[in-house]
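# Survey of secondary and tertiary structure
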Amino acid sequence: KNVIDVSVDYGATPQWVNRTDDDGARIQQAIADSCNPASNKYGFTVFIPHGEFGVFRPLDLLGCGRVLGSGTQSTALAPPYSDGGCWPNASVSAPGANGAMIVSTEDARGSMWSPIVSDLSLYTGTACPFVDLAAGRDMLLRDVGVSIESSRVPPPMLRAAAYTPPAVGPQDPYVALRNKVSGKFYGLPLDGIFGGEHADSGGPLHVLILVANTSGAGGGAIHFYQPSTEHLVNDKQVLVTNCSDVHFHAWKYESSLNEPNGGPTDSGSLVRIVASSGVSSFGGSGNYKLFNSSIPMIDLRGSQNISLLAMVRKGAWNEPTTGLKWLTDTDVSMPGYHALLLYHGVQ
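This write-up is about the structure you can find in this document. (Residues numbered from 1 in each chain as written. Predicted model: local features only at pLDDT ≥ 70, side-chain atom pairs only at ≥ 80, totals over all residues. Heavy atoms only, no water.)

The number of helices and strands found in the chain is 1 helix and 23 strands. Counting all 347 residues of the chain, 55% fall into the buried class. (Helix = DSSP H or I, 4+ residues; strand = E, 2+ residues; numbered from the N terminus. Buried < 20%, exposed > 50% of the residue type's maximum accessible area, 1.4 Å probe, protein only.)

We now examine the nonpolar core. Ranked by internal contacts, the top residues of the largest apolar core, which has 69 residues, are Leu122, Leu133, Phe185, Phe224, Val240, Ile298 and Met311. Examining the composition of this core, we find that 7 residues originate from one element, strand β9 (residues 131–149), more than from any other. For Leu133, the residues in contact, after removing those within four places along its chain, are Leu61, Ile102, Val103, Ser104, Met139, Ala176, Leu177, Arg178, Val181 and Phe185. If you look at the next biggest cluster of nonpolar residues, it comprises 5 residues, including Val207, Leu210, Ala212 and Leu239. (Core = buried A, V, L, I, M, F, W, Y, C linked by side-chain atoms within 4.5 Å. Contact = heavy atoms within 4.5 Å.)

Counting buried residues in strand β17 (residues 269–274) gives 5 out of 6 residues, a clear majority hidden from the surface. In this structure, strand β15 (residues 236–241) lies alongside β17, joined through 5 bridges in parallel fashion. Considered in β17, the bridge of Lys236 is made with Ser269. (Pairing = 2+ DSSP bridges.)

In this structure, His206 sits in the loop between β11 (189–190) and β12 (209–212). From its side chain, His206 meets the backbone oxygen of Asp172 in a polar contact 2.9 Å long. (Polar contact = N/O pair within 3.5 Å; in protein donor to acceptor, adjacent residues only side chain to side chain.)

In this section: unusual backbone geometry. Non-glycine residue His231 carries a positive phi angle of around 75°. Here His231 lies in strand β14 (residues 228–231). Take His231: its relative accessible area is 12%, and that puts it in the buried class. Of note in this structure, Ala310 is not a glycine but carries a positive phi near 60°. With respect to the element layout, Ala310 can be found in strand β20 (residues 304–312).

What follows is the structure, encoded as structure tokens:
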């Protein structure tokens, strides 16, 4: 059958069987065996059945693991903390910072398999990333639900106590694709309670999606299909830096929930593209309010061959009547008072 059931074959237990054990260790062993040419489980798909499973550390796909749940409303992974902390793990911002729930590092043995993550949900805290993928060619991620815990959201059944938000603002991206990763990423639903009038804007890498340093390393393109990026309070919601061949299709976006009060995060950029080439977006829409005339909706810096086609936004009645910008580039500034954006820049 070429399928590993982590409960039947490795002893992982949903919360109604045991809510305190480390199911992540069993799931990780299943992934490692599926990526090991010496294992009789090599090349198998790892199946996580119905239930909530506690994971005590990031799950590493090792650049090749294929992990399937039984549905976003059926299979859930969550760290069983109750004090608002995340596990320590080297991440994109600094060693020892908050590690993502699912990571992918390069396995020295290599693999002929492309990673897959599908049909499950990830629960974590306000400051804790969901996904940080640094290796995996032609990866497929689809139907992965995400949800943050906060004082306003009841904890999942796994938790012994309500989640307490950390005192320090978030520092890491919720989803990071970097270095040697490529593939297709469908329907990332980053539209939960990430912002609001009183939210902390966090650090410079605290974005909904970060794509970094993939130029020439991953051996392929990165495609986002129907991503939903909404409500993050920061100076940008998505950051693409030092990359090539990155594409967004049918993008759904919304600005932060902040009301204008004269601050720098009244309205941040939807996306900042830095030192990159061959980046495109085809089709996009949403309620995107612009209040800050110094921050464009799309911020291009030192990039070339950028195509932004059929992007629309619905503004707010109380936006400033002058100075707003759809887009700024090295020598181009496009005013934000048109409903439709069509742009192709070659430098």
